[in-house]
Amino acid sequence: MATIQPNTETVNDTTEEVSSVRAAFDAVMTPNYAPMEIMPAYGRGSRLWDTGGHEYVDFAAGIAVSALGHAHPELIDVLTEQARKFWHVSNILTNQPALDLASALCAATFAERVFLANSGAEVNEAALKLARRYAVDHFTPEKYRILAFDDAFHGRTLFTVCAGGQPQYSSGFGPKPAGISHCRFNDAGAVREYFAENRGRVCAAIVEPCQGEGGVVPATVEFLKTLRSCCDRENALLIFDEIQCGMGRSGSLYVYQELGVTPDVLTTAKALGGGFPIGAMLTTAGIAKSLVVGTHGSTFGGNPMACAVACKVLELVNTPEMLQNVVVASQRLTTGLEEINREFNVFREIRGLGLLLGCELEPRYAGQARDVVAACTKKGLLVLNAGPEVVRIAPALNINGPDIDQGLQIMREVIAGMAANTG
Ligand code: PLP
């Protein structure tokens, strides 16, 4: 990608100014986040500049969202073009950008019907509600049980946070939706047992083909095939949450396409809008019939600007060249991380799919993933953690070689410092 220099006119805030803005931020925002004291001023591709003029290589992409990097010219064009036409109509009118996006998603996947919303949690909520309604329509109201997995993450609504497998996120919010059970991820035997114990009573299983927040752990094909066959036998819907791992990140458009296991419902968000909020639930025509008029909805779902951008993101991501770039970039990153690890032996495992990579720390660095993230940020590299033990890398899908190499160089410096301090 050609290097575009940012306009640095306002890039001169001092550390004190940033700290005082952060204090003002804390004074008006609810305290459920703890953002770093960095305020972005400009982004171009996989580079970001803060208001203090510091440059960052972006291996985080806004938590696996900015699929085509910052300020992609074609996305700016479609967004501004749509903004000049109309911004919003809600679901009371038929809108062309929503039709275009739904048609493109159906053409690219198993799906025949699409429900559009604004975030990952919302489309998972829709998927779980659909599964329960489908079971009521076709079987019995007693068939409401949902199988989910330990360490999973499906969003923060009450239903989705309870489907998630991290109790710290769901406790303390009063009575939980009933009927959700968790098995160990990648444990096919536990899945078989669960279905055997709940014959005729399971409406759905929900799973991430690669757990993201839970530590970047890919599902095994055997595990997903077992889920598929148990769901088939029990007439339960298999829901793949590809909100983090899908939309090109694995090197295929969606992970299911490389596994030979097709879900009944697939949820996609994050990278779908390349940074503009949108989520989509994909399913078949037969299953979608249960969402009759009035059963579900969203004021902003199908927002024309979000759909116009997502259409362009899908067009640009779903090409052999972009998906090949994911594979090549993934290899370059993995090779670099392995070299760092050969030198310093800090990672127990480097794993993941495509451009969703997790580096699990050796036990002697237990709980230090956030420290690595903070140290990298200080030196000009944005990375993520996935829990306390895993450093997560999820850059833009079009990241180039020089950006990868510079990011790896910073990572090497941080890891070298960490290894030296631990002795
Ligand atoms: N599902 C998965 C796999 C996710 O990683 C996330 C967010 O991290 C969500 C659902 C929730 O998406 P959102 O934050 O857009 O509601």
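Residues numbered from 1 in each chain as written. Predicted model: local features only at pLDDT ≥ 70, side-chain atom pairs only at ≥ 80, totals over all residues. Heavy atoms only, no water.

Draft legend 1. Seen up close, the state of the cysteines. Overall, the coordinates contain zero disulfides when judged by the stated rule. For the unlinked cysteine Cys162, the closest cysteine sulfur is that of Cys203, found at 15 Å. Here Cys230 stays free of any disulfide, with the sulfur of Cys231 as its closest cysteine sulfur at 7.1 Å. The buried category is assigned to Cys230, whose relative accessible area is 1%. (Disulfide = S-S within 2.5 Å. Buried < 20%, exposed > 50% of the residue type's maximum accessible area, 1.4 Å probe, protein only.)

Draft legend 2. The site of the ligand, seen in detail. Around the ligand, the structure places 13 residues, and the nearest of them are Gly120, Ala121, Asp241, Gln244 and Lys270. Within the backbone of Gly120, one N or O atom sits 2.8 Å away from an oxygen atom of the ligand. Protein chains bury 82% of the 390 Å² of accessible surface belonging to the ligand in isolation. Ranked by residues supplied to the shell around the ligand, first place goes to helix H5 (residues 120-138) with three residues. Considered class by class, the residues forming the shell around the ligand number three nonpolar, six polar and four charged. (Near = heavy atom within 4 Å. Polar contact = N/O pair within 3.5 Å; in protein donor to acceptor, adjacent residues only side chain to side chain. Areas by Shrake-Rupley, 256 points an atom, 1.4 Å probe, with all protein chains shown as cover. Helix = DSSP H or I, 4+ residues; strand = E, 2+ residues; numbered from the N terminus. Nonpolar A, V, L, I, M, F, W, Y, C, P; charged D, E, K, R; others polar.)

Draft legend 3. Main features of a nonpolar patch on the surface. Judged by side-chain polarity, Phe25, Val28 and Met29 come together as a nonpolar surface patch covering roughly 290 Å² of accessible area. Tracing the chain through its elements places Met29 in the loop between helix H1 (15-28) and strand E1 (40-44). With relative accessibility at 42%, the residue Met29 sits in the partly exposed group. (Patch = residues over 30% accessible without salt bridge, like charges linked within 9 Å, V, L, I, M, F, W, Y side chains within 5 Å. Salt bridge = Lys/Arg side-chain N within 4 Å of Asp/Glu carboxyl O.)

Draft legend 4. Molecular detail of the packing of aromatic side chains. Across all of its chains, the model carries seven aromatic pairs by this definition. Between Phe149 and Phe185 the ring centres are 6.4 Å apart and the planes differ by 70 degrees, which places this aromatic pair in the edge-to-face class. Here Phe149, found in strand E5 (residues 145-149), pairs with Phe185, found in the loop between strand E6 (180-183) and helix H8 (188-197); they are 36 residues apart in sequence, far enough to count as distant. Note on Phe149: relative accessible area 1%, which makes it buried. A relative accessible area of 13% places Phe185 in the buried class. Taking the centre distance of 5.6 Å and the plane angle of 85 degrees together, the rings of Tyr194 and Phe195 count as edge-to-face. The class for Tyr194 is buried, based on a relative accessible area of 6%. What makes Phe195 buried here is its relative accessible area of 3%. An aromatic cluster is built from Phe149, Phe185 and Phe223, whose rings are joined through pairwise contacts. (Phe/Tyr/Trp six-rings, centres within 6.5 Å; stacked < 30°, edge-to-face > 60°.)

Draft legend 5. Region of interest: the pattern of salt bridges. On inspection of all chains with the given rule, the structure shows 17 salt bridges. Linking Arg47 and Glu55 is a salt bridge whose minimum nitrogen-to-oxygen distance equals 2.9 Å. In this structure, a network of salt bridges that share partners links the residues Arg348, Glu349, Arg351 and Glu360.

Draft legend 6. Local environment of the packing of helix H4 (residues 96-108) against helix H11 (residues 304-317). As a packed pair, H4 and H11 sit with axes 8 Å apart at the nearest point and diverge in direction by 35 degrees. Between H4 and H11 the crossing geometry is left-handed. Within the contact between the two elements, H4 uses Pro97, Ala98, Asp100, Leu101, Ala104 and Leu105 and H11 uses Pro304, Cys307, Ala308, Ala310, Cys311 and Leu314. In terms of residue class, the contact of H4 with H11 is built from 11 nonpolar, no polar and one charged. (Axes fitted to C-alpha atoms, helices over the stretch in contact; angles between N-to-C directions. Left-handed = near helix turned anticlockwise from the far one by under 90°. Contact = heavy atoms within 4.5 Å.)

Draft legend 7. View of the sheet that holds strand E15 (residues 381-382). Overall, mixed pairing links the four strands, which are arranged E1-E2-E3-E15 in an open sheet. A single partner strand is all that each edge strand has here, and the edge strands are E1 and E15. Inspection of the sheet shows strand E2 (residues 47-50) paired to strand E3 (residues 55-58) by three bridges, in the antiparallel sense. Looking across to E3, one finds that Trp49 is bridged to Glu55. (Pairing = 2+ DSSP bridges.)

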